[in-house]
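# Understanding the architecture of this molecule
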Amino acid sequence: MALAISILKGYLLFTICLMVIYAVRHIIFTLNRLFGEQRLYYHDIIDSDLTTVSILIPMHNEEKVAAHILEQLLKTDYDMDKLEIIPINDFSADATGEILDRYAAKYPFIKPLHRYEGDRGKPVALNDAIEAATGEIIIVFDADYLPPRGIIRNIAVCFKDPEVGAVMGRVIPVNTKANLLTRLLDLERSGGYQVDQQARYNLKLTPQYGGTVGGFRREVVRRLGSFDANVLAEDTELTYRLTLNGWKVLYANRAECYEEAPELWTVRARQIRRWSRGHNDVMFKYLVPLLRSRHLTFREKVDGFLLLVIYCVPVILMIGVFDSLALFFLGEMEIVAGMLFLVFIGAYNTFGNFAPFYQVGTACLLDGAPQRILLLPFLIFNFYFNVWYISRGFADSLVDTITMRKTKWQKTERFRQKSVIKGQGV
Amino acid sequence: MILLLFAILLVVLFFLPFLPGFREFFIEEDVAPLFIDMDYRKEPRYFGVSFRRLLLEKLSGGTVRAGLRSVLLSRQETVEVFDTATIHQGRIMSDICFVKRDLRSGSKVLFEKEVYVQGSASIGEFNQLRALACDGEVAVSSGVKLIRWLDAEGSIRVASGSDLGISASSGQKLIIEENCSFKRLYGLPVITGQEHEAPISEHELGPEHAIVFAGEAERELSHIPERGLKDCSIIAAKSLTIGEQAWIRGDLKSHGNITAGAEVTVTGNIFAEGDVHLGPRCRVLGTVFSQGRITFDEGVVVGCNGKIKSVISKKGTTLGRGVKVYGFVLTEGEGIIV
């Protein structure tokens, strides 16, 4: 019994320490973003020698949004002789294929890839497209995204740096007016990109390649084996595979692109559970190689570790809540103030998501949108919602790792009925 | 009773933090998505191009007769239209000036608003201008201060001791003498000092030399000896020094400083987390980018005829005499020509 109580107390202390470590990490990021030196990104480079670019757009049943993204990409200021657009029709049962063929008939640089054989899913689809692509640089957009005119140049220019393997732009929800969920997700995104990713770039840590609004060197990724088809978080997996092989991942705050955030809590639940499962799959795969890597500095390893483990934190916290309940009912709360303290630490650190409330608030100020800070208290609902579904995702990942189960790709449902960009007649 | 009051207080305090959020949620003061300019594209001569377009639109394509006009730009403005303008010493011009042919100003003239000249412009000593757009050539005398920007379709020559404000851009040559300060420059090319001091085109490399070998980069290097030859890109974890007359057919990247001796040639791009110092008569065919400071000694050439490259630094850029940059120079710190 004494041993059990010691274990419970030890676990509680471990949880609190972990929360404090993450709190310190996020405070450092926030202070850096507010007061620290901001590293230049490469978007100011003007260079007449453009690299060849292939834009990949994975699509599964995207008839609602397919035309919107293609119309936006047609407005790009990138030299069309150096550009090809490869929409990947991945087992679509709706009119996606027909829409793509219509555009291909009109524009020779739009080259759809229709996939109806083999495995389905984003990583596999991207791998096929990488083989078909001819560009030196691959830029990926999800189908619901709305790229501005200059974004391709903004992303492609960073590959003039010979050490850059991948770059991630900034994602901004366009459907904030839909409901409370989209407004809260908008806050999360702001904190995560404007503060967290940018601070990691400033501090020469490793920003995360997010799988969309981002690019990578085609030949490098091919040489490293392309995307792992058995990982749902193929973007996180690529981030670690590149950095462990000596390549840098950059963050481009000025490469902004609209996305469609989930409008239903059920859709969001599936999304966050998938992210957690995928991210934790990557964690199990790369934890040891990360610590052993000779290409990373000590700082990069520490932050890489904290990033890798981040989708375990809600699980650890949830177990910690039960742990403190057990200690409470056993009358063994004299170590610290127990559940209340744990709840406080949890709220303080991960209030809302992986972008704590002070990161979100800072992002809103930097974006010149301070009024939305008033919604911050609502993030507590997001927080408990995320804890539950991330924990389920962690459990999925544990089963994946132990049983070596094959993962099945899940697509996020779309909600857009018509174009949200003025002048787009689609 | 006390218990009831306590319960009510608890409920109120619980919901209190949410009240402003409820207000924002229902009133939707800040509900619009963050703004992205969907049409934005990088344009080095943006200020001049957009100002010309805006003013010509308001002045019926520039066909208006001489005199005063009232136009609505970002606010109501008075535009003074000239056929040819000769502004005498010491005058203060309080309105936007639109000159349909040439402009000549004496010394110590103050232009409080923007100036658009469709002919050529000759700016006298110690003038102060808010901004100048010119369709012809521009000659800027010494000690001139630009508050915002200068843009010309033709070449621009700037005498010593001038402050070029936020941006100076030309569709042709931009020649700037010593002791001038800047933030952004654009020219084809940008030349410092006297034009004859810059390397002549016969000494420059052409685009056919812009070779970057595609193999693995060399990573463990910190020094390249004099007259060394490297047929690969180099990624240095620390500072990198390059001996005189070395030739690198690839890109350079350093997590420290990059210091090159005289007459080093780099056919690719240069990126540094620290400072970049290129010795006399170095040639770089690509872009130079530094998170620190950039210093070019005399006769350095960046880029080549027919190409546009960039020289970008975070903390400051110092250009010696006879430096030539085909394209764009930008610094977030202080830019100076010595």
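For the structure, check the block above.
Below or above, wherever it landed, is the structure these notes cover. Keep in mind it's a predicted model, so treat the numbers as computed, not measured.

Each helix and strand in chain A was counted, giving 14 helices and seven strands. Against the globule reference of 22 Å for 426 residues, chain A gives a C-alpha radius of gyration of 22 Å, in line with a compact fold. Each principal axis of the C-alpha distribution contributes one length, and for chain A these read about 75 × 45 × 45 Å. Burial status across chain A gives 63% buried among its 426 residues. Across chain A, the fraction of contacts at a sequence separation of at least 24, relative to all contacts at a separation of at least 6, is 85%. Accessible surface computed for chain A: about 16100 Å², of which carbon and sulfur atoms make up 62%. Mean positive and mean negative side-chain charge positions of chain A (49 and 46 charges, respectively) differ by 2 Å.

This paragraph deals with helix H4 (residues 122-132) of chain A. Among the 11 residues that make up H4 of chain A, eight are buried, leaving the element largely enclosed by the rest of the structure. Here H4 of chain A has its buried residues at Lys122, Pro123, Val124, Ala125, Leu126, Asn127, Ala129 and Ile130 of chain A.

All names here are of chain B. Pairing geometry for strand E1 (residues 67-72) and strand E2 (residues 76-82), over six bridges, is antiparallel. Bridged to valine 71 within E2 is glutamate 77. Once E1 ends, the chain turns through three residues before running back antiparallel as E2. Sheet analysis places E2 next to strand E5 (residues 96-99), joined by four bridges and oriented parallel. Its bridge partner lying in E5, glutamate 80 is registered against cysteine 97.

Okay, unusual backbone geometry next. The omega torsion of the bond from leucine 188 of chain B to proline 189 of chain B falls at 0°, within 30 degrees of zero and hence cis. The backbone phi angle of phenylalanine 91 of chain A is positive, close to 60°, even though this residue is not glycine. Tracing the backbone through its elements, the reader meets phenylalanine 91 of chain A in the loop between strand E2 (83-90) and helix H3 (96-106).

What follows covers the interface of chain A and chain B. Contacts between the two partners involve 55 residues from chain A, matched on the other side by 50 residues from chain B. Summed over the shared surface of chain A and chain B, the result is 13 salt bridges. A salt bridge links arginine 183 of chain A to glutamate 24 of chain B; the nearest nitrogen and oxygen atoms lie 2.8 Å apart. Where chain A meets chain B, there are 24 residue pairs in polar contact (both at pLDDT 80 or more).

Okay, the side chain of asparagine 382 of chain A next. Tracing the sequence through the fold places asparagine 382 of chain A in helix H14 (residues 379-403). Reaching out from asparagine 382 of chain A, the side chain makes a polar contact with the side chain of glutamate 188 of chain A at a distance of 2.5 Å.

Residue and element names in this part refer to chain A. Across the sheet, seven strands lie side by side as E3-E2-E1-E4-E6-E5-E7; this open sheet has mixed pairing. Each edge of the sheet is formed by a strand with only one pairing partner; in this case those strands are strand E3 (113-115) and strand E7 (248-259). Within this sheet the neighbouring strands show an average axis-to-axis angle of 20°, counted without direction.

What counts and what doesn't
- Residues numbered from 1 in each chain as written.
- Chains lettered and ligands numbered in written order.
- Predicted model: local features only at pLDDT ≥ 70, side-chain atom pairs only at ≥ 80, totals over all residues.
- Heavy atoms only, no water.
- Helix = DSSP H or I, 4+ residues; strand = E, 2+ residues; numbered from the N terminus.
- Rg over C-alpha atoms; globule rule 2.2 N^0.38 Å.
- Buried < 20%, exposed > 50% of the residue type's maximum accessible area, 1.4 Å probe, protein only.
- Contact = heavy atoms within 4.5 Å.
- Areas by Shrake-Rupley, 256 points an atom, 1.4 Å probe, with all protein chains shown as cover.
- Lys, Arg positive; Asp, Glu negative; His and termini not counted.
- Charge placed at Lys NZ, Arg CZ, Asp CG, Glu CD.
- Pairing = 2+ DSSP bridges.
- Salt bridge = Lys/Arg side-chain N within 4 Å of Asp/Glu carboxyl O.
- Polar contact = N/O pair within 3.5 Å; in protein donor to acceptor, adjacent residues only side chain to side chain.
- Axes fitted to C-alpha atoms, helices over the stretch in contact; angles between N-to-C directions.

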